[in-house]
Structure formats: C-alpha cells, structure tokens
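# Summary of the model geometry
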Amino acid sequence: MPQQAPQPPAQPTPPPQPVQSEPVIVLDPAHGGTDTGARGENGLTEKDVVLQIARVVREQLAQKGYRVVLTRDDDSNPSYDDRAGIANGYREVIFISLHVSSTGTPGTVRAYFDQFSTPVTAQALPAGPPGGKQAPPAQPQSTLVAWQEAQRPYVDVSHHLADLIQLQLAQSFSGSPSASSAAPVRTLRSVTAPAVAIEISSVASPADALAGSAALVAAAIARGVSALRPGAK
Amino acid sequence: MTRAMKIVIAVLVIAVVIGFVSLSPLRRRIQRLRESRGVEEQARHAVLAPPISTPTDVTVKAQIFWAAGPDRVAPVEVNLPLSADPVERSRQLLQTLIANPPSDAQRTLPADTTVSGFYILPDGTAIADFSDSLSSETPSGILSEELAVNSIARTLEANVAGLRRLKILIHGQEVDTLAGNLDLSGFFDLNSAPAPAQASSAQSVAQPIAPLSGNGLRTKQSSNH
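## Observations regarding the pairing of strand β4 (residues 125-130) of chain B
All names here are of chain B. As judged from the 5 bridges shared by strand β3 (residues 115-120) and β4, these two strands associate in the antiparallel manner. Residue pairing in the sheet places Ile120 in a bridge with Ala126 of β4. Connecting the antiparallel pair β3 and β4 is a turn made up of 4 residues, with Gly124 showing a positive phi of about 90 degrees. Summarising the sheet, β4 and strand β5 (residues 165-170) pair through 6 bridges and their orientation is parallel. Residue pairing for β5: Ile127 is matched across the bridge by Lys167.

## Observations regarding unusual backbone geometry
Here the bond from Ser201 of chain A into Ser202 of chain A is cis, since omega is -10 degrees, no more than 30 degrees from zero. Following the sequence through the fold, Ser202 of chain A ends up in the loop between β6 (195-200) and α4 (207-228). Here His31 of chain A, not a glycine, exhibits a phi torsion of approximately 60 degrees, which is positive. Positionally, His31 of chain A belongs in the loop between β1 (24-29) and α1 (46-63). A count of 25 C-beta atoms within 10 Å places His31 of chain A in the buried class. Not every positive phi belongs to a glycine, and His171 of chain B is a case in point at roughly 55 degrees. Here His171 of chain B shows up in the loop between β5 and β6 (187-189). Under the C-beta neighbour-count criterion, His171 of chain B is labelled partly exposed, with 14 such atoms within 10 Å.

## Some words on the confidence of the model for chain B
Residue and element names in this part refer to chain B. In this model, chain B carries an average pLDDT of 82, and 77% of its residues clear a pLDDT of 70 or more. Here helix α5 (residues 196-199) is the element of chain B with the lowest mean pLDDT, 30, and helix α2 (residues 86-99) is the one with the highest, 97. Low confidence marks residues 221-225, where pLDDT is under 50. Its contacts with residues over four positions away, or in another chain, come to 15 contacts.

## Some details on α2 of chain B
Residue and element names in this part refer to chain B. Its 14 residues give α2 an end-to-end C-alpha distance of 20 Å, which sits within 8% of 20 Å, the value for a rise of 1.5 Å per residue. Where α2 is concerned, the buried positions are Arg89, Ser90, Gln92, Leu93, Leu94, Leu97 and Ile98. In the core, the buried residues of α2 are packed alongside β1 (58-67), β2 (72-82), β3, β4 and α4 (142-159).

## Details of the sheet that holds β1 of chain A
The 6 strands lie next to each other as β2-β1-β3-β6-β4-β5 (chain A), forming an open sheet whose pairing is mixed. Only two strands of the sheet have a single partner each, and these edge strands are β2 (67-70) and β5 (181-182) of chain A. Docked against the sheet, helix α2 (residues 80-88) of chain A engages β1, β2 and β3 (93-100) of chain A, running at close to 170 degrees with respect to β1 of chain A. The strands touched by α4 of chain B are β3, β4 (109-113) and β6 of chain A; relative to β6 of chain A, the strand with the most contacts, the crossing angle is about 95 degrees.

## Observations regarding α4 of chain A
Residue and element names in this part refer to chain A. If you check α4, its first and last C-alpha atoms are 31 Å apart, about what 22 residues at 1.5 Å a residue would give, namely 32 Å. The largest bend in α4 amounts to roughly 25 degrees and is located at Ala214. Every buried residue belonging to α4 is among Leu210, Ser213, Ala214, Val217, Ala218, Ala220, Ile221, Ala222, Gly224 and Val225, and all of these are buried.

## With respect to the nonpolar core
Among soluble globular proteins, nonpolar side chains are generally buried collectively. The biggest cluster of nonpolar side chains holds 94 residues, and the ones touching the most others in it are Ile165, Val196 and Ile221 of chain A. Beyond its immediate sequence surroundings of up to four residues, Ile165 of chain A is in contact with Ala111, Val196, Ile198, Ala220, Ile221 and Gly224 of chain A.

## Remarks on the packing of α1 of chain A against α4 of chain A
All names here are of chain A. With their axes 8 Å apart at the nearest point, α1 and α4 run at an angle of 45 degrees to one another. Judged by the inter-axis angle, α1 sits oblique to α4. Relative to α4, the crossing made by α1 is right-handed. In contact with Val49, Gln52, Ile53, Val56, Val57, Gln60 and Leu61 of α1, α4 contributes Leu210, Ala211, Ala214, Ala215, Val217, Ala218, Ile221 and Ala222. Within the contact of α1 with α4, the residues separate by chemical class into 13 nonpolar, 2 polar and no charged.

## As for the pairing of β1 of chain A
All names here are of chain A. Here β1 lies mainly inside the structure; 5 of its 6 residues are buried. Two strands pair when backbone bridges link them, and β1 and β2 are joined in this way by 4 bridges, in the parallel orientation. Within β2, the residue paired with Leu27 across the bridge is Leu70. With α1 bridging β1 and its parallel neighbour β2, the resulting β-α-β unit is right-handed.

## Some points on the packing of α2 of chain B against α4 of chain B
Two packed helices can be described by the angle between their axes and the distance between those axes. Residue and element names in this part refer to chain B. Between α2 and α4, the shortest axis-to-axis distance is 10 Å and the interhelical angle comes to 135 degrees. By the angle between their axes, α2 is oblique relative to α4. With respect to the hand of their crossing, α2 and α4 are arranged in right-handed fashion. Where α2 approaches α4, its residues Ser90, Leu93, Leu94 and Leu97 are matched on the opposing element by Ser151, Ile152, Thr155, Leu156 and Asn159. Taken together, the residues of the contact of α2 with α4 break down into 5 nonpolar, 4 polar and no charged.

The rules behind these values
- Residues numbered from 1 in each chain as written.
- Chains lettered and ligands numbered in written order.
- Predicted model: local features only at pLDDT ≥ 70, side-chain atom pairs only at ≥ 80, totals over all residues.
- Pairing = 2+ DSSP bridges.
- Helix = DSSP H or I, 4+ residues; strand = E, 2+ residues; numbered from the N terminus.
- Buried ≥ 20, exposed ≤ 12 C-beta atoms within 10 Å, placed from the backbone.
- pLDDT = per-residue confidence, 0-100.
- Contact = placed C-beta atoms within 7 Å.
- Expected span 1.5 Å × (residues − 1).
- Axes fitted to C-alpha atoms, helices over the stretch in contact; angles between N-to-C directions.
- Bend = angle between axes of the 7 residues up to and from the residue.
- Core = buried A, V, L, I, M, F, W, Y, C linked by C-beta atoms within 7 Å.
- Parallel < 35°, antiparallel > 145°, perpendicular 65-115°, else oblique.
- Left-handed = near helix turned anticlockwise from the far one by under 90°.
- Nonpolar A, V, L, I, M, F, W, Y, C, P; charged D, E, K, R; others polar.
- Right-handed = clockwise from strand over helix to strand, strands pointing away.

What follows is the structure in structure tokens.
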C-alpha cells in the first residue's frame with residue numbers, strides 16, 4: 001500500500017473578509033422649481049447654486065472613482081419622499097443633501113445630521129378631555145420601519161459621518177465649526193442610510209466664491225466617506 | 001500747469017466739498033427713514049397684536065432669547081409684566097420676542113408674525129400657532145430656521161414652568177417645514193436633558209442661560225403624524 005506523502009500542516013483558513021462594496025453617493029441639491037430656497041440680493045438663488053455645486057461635486061467624486069447619483073439634475077423639485085426614495089433604492093448608499101443658507105458668516109460651512117429622540121408613547125400623549133375616551137394602550141413594536149422615522153436607526157452613523165466631513169470642512173473653510181450639528185432637517189428624515197446635510201453660508205456671497213467652494217466640499221465629502229468606510233476610495 | 005487743468009482741479013475740489021457737505025444731511029435722512037420704519041412697524045404690530053394685559057400681571061425680569069450673532073441666540077433680561085396664567089404668560093413672552101428685539105440684527109422672527117393661538121395640554125405640551133408670515137418671511141436655511149425655532153423654544157423654556165415640549169403650527173395647520181428645511185412635523189423638547197447621542201456633539205448641548213448655537217434645539221419626532 002503506497003504511503004501517502006506527509007501532508008504539510010494545514011494552514012488555518014483565514015476568516016472570510018466581509019465584502020465591502022463601494023457605496024453609491026446620492027447628492028441632493030436642495031429645493032428646485034418654484035421653491036427657490038434662500039435668495040441673495042445679488043439675484044442668486046439657492047436652488048441654482050446648489051445644482052451647480054452638486055454637478056461639480058459629482059465630477060470631482062466621479063474622478064475619485066465614486067458612483068454618484070443626483071436627486072435632480074435640472075430645475076425640478078422632487079418631493080422630500082422622492083429624494084429619500086432615490087437613496088433608499090440602493091443597498092450601499094450615502095446621502096448628502098447640499099444647501100446654501102441665507103444667513104451665517106459668509107465662507108463657513110456646516111454639516112448636519114438628523115435629530116431624533118425618544119419616540120412619543122401613548123403614555124406621553126395628552127389624557128384627553130375629562131370623561132372622554134382614554135388613549136389606547138401602546139401597540140407592540142412593529143418590525144416595520146415607519147417611513148417618517150426611517151433615518152432613526154442611522155442617526156449614530158450619520159452623526160459620525162457628519163463629524164468626519166465637518167472636520168475636513170473646518171480645515172478648508174476658516175471659521176467653520178469643528179464638530180457637526182444636530183438639527184431636524186426634513187430631507188434627511190426618511191433616508192435609510194448614513195445621511196448628512198451640508199449648508200454653505202451664504203447665498204449673499206459672490207457667485208464665483210460659492211462655485212469655488214464646490215471642489216473643497218467635494219474633497220471633504222470624499223475624505224469623510226473614506227474615513228467612514230476604510231475600504232472605500 | 002495749464003489753465004484747463006487748473007479749472008478741472010478746481011471743479012474736482014468743489015465737487016468733493018459739496019459731497020462732504022451733502023453727506024451729513026443724507027445720513028440724517030437715512031437715519032430718519034430707519035426710525036420711521038421702526039415706528040411704522042410698531043404701529044402695525046400694535047394693531048395686529050395689541051399688548052396682552054391680565055389681572056395677575058406682575059413685572060418680572062424675563063429672559064428673552066434673541067439672536068447674538070449669525071448662528072446663536074442668547075438671553076436678554078427684560079422687565080416685563082407677565083401673567084400668572086401660563087397660556088397668557090407664553091403669549092406675552094412671544095409677543096415681546098416678535099415685537100421688541102433690541103435691534104434689527106437681533107431679530108429672530110419676522111416682524112409681521114402674530115401669535116394666533118397658544119394652548120397647553122395636560123401633559124405639558126405647548127402648542128404655539130403662528131400666522132403665515134412666520135413661514136413665508138423667515139429666511140430659508142437650516143441655520144436661520146433653527147435660530148427662529150430656538151428663540152421661541154428657549155424663551156418659553158426659561159420663563160414658563162411646567163412645559164415639556166413644543167409643537168409649532170402655522171395658521172392652525174401642521175406643516176412639513178418652517179421655511180423649506182427645518183422639520184416642524186415633530187415636537188421640540190423643553191426643560192429636558194438632551195438625548196445622550198446628541199450630548200456627545202459639543203455644540204448640541206443646550207445651556208439654559210449661556211448663548212446657544214442654532215443647534216441647541218432638541219426635537220422629539222412623533223410617529224403619529
């Protein structure tokens with residue numbers, strides 16, 4: 001019986017590495033159509049400025065290898081839900097809403113994450129008129145995610161991403177805060193992914209200054225996303 | 001120097017002198033226009049929202065949160081006759097917040113805004129109903145809308161006991177946003193500590209007296225809207 005050659009000791013099988021797919025970056029130029037957003041005395045409107053900035057940011061991020069989708073690429077005004085729906089259609093996605101304010105120190109930029117706190121329970125609701133019906137007992141928690149609350153499970157990761165982006169913004173835009181801010185931004189509420197709003201101050205700035213800020217915002221987003229997902233670009 | 005040049009220089013000197021002379025009256029006219037605009041504004045407000053007076057009014061030092069820069073509000077102490085009734089007291093405070101900012105730069109709410117209604121539910125929920133102009137005249141932007149809501153929330157929080165949360169209505173209706181950005185479909189927490197996740201952000205920790213950044217807001221989203 002032929003002897004089998006001694007087998008080399010089996011190498012321990014490395015644990016399977018999670019496959020980190022590249023996230024799609026959904027850029028959301030705020031407002032549009034009849035909703036102009038902030039208006040400057042110089043005639044600039046937020047809806048036009050953010051679309052221009054979004055196109056530059058898309059180009060810059062695409063050059064870095066990211067797949068970028070815009071919620072609008074013209075003067076349309078998708079509903080908040082339609083904007084969220086575009087992002088929610090992708091498995092791996094990061095949602096960035098772009099804004100230009102009408103106030104604030106010109107040349108500063110802020111990153112926001114959505115702000116939620118404890119859901120309102122039946123016990124917290126008003127007792128109702130005397131003699132009236134009592135509030136019904138709290139229903140068991142459903143596993144379905146309420147559309148209006150879709151961002152809630154992602155608030156921590158959105159906060160982290162907003163901080164990472166804000167850190168980059170603070171280096172590029174002097175006078176900007178070093179930490180991100182929490183605010184109930186409507187357009188973030190129904191996004192089932194890390195979601196951040198970036199607001200540039202302000203629409204009163206010269207048009208070329210605002211356009212010039214697009215490349216710096218793009219770089220901040222790219223670095224923030226890379227830091228959040230080390231496997232990304 | 002030719003005669004023509006001398007004439008040109010003389011004309012320029014005269015023009016400069018005339019400019020200086022006319023500058024001062026021009027400034028005075030601008031100042032008068034500004035003052036008259038303020039008077040008109042106050043007169044309009046007196047008609048739209050006459051001062052509220054109740055039998056239980058006692059003059060106290062109230063803290064009204066007006067803008068203290070482009071991105072924060074801070075309290076200003078004002079001697080105000082305030083009612084013992086929390087609903088009337090809240091209306092008096094909001095009227096003062098709207099009508100009497102120390103300067104235009106400190107204004108957080110549009111001058112034409114009126115408080116159409118104010119209610120307090122048994123669980124401490126305050127419902128403030130404002131006229132359309134709060135929505136239509138507040139400058140659109142996350143920062144400016146935060147500043148407006150923050151000034152309302154902090155002013156009520158600092159001067160009316162027992163309020164737990166705030167709901168803002170516009171013309172009696174729940175609206176999606178204040179001016180295109182800030183979500184008004186939920187509630188804003190009053191007199192409660194911010195959630196731990198929010199507290200870790202250095203700028204989202206609201207102090208009751210210290211100047212507050214726009215993001216000192218604390219919200220509570222309701223799932224039943």
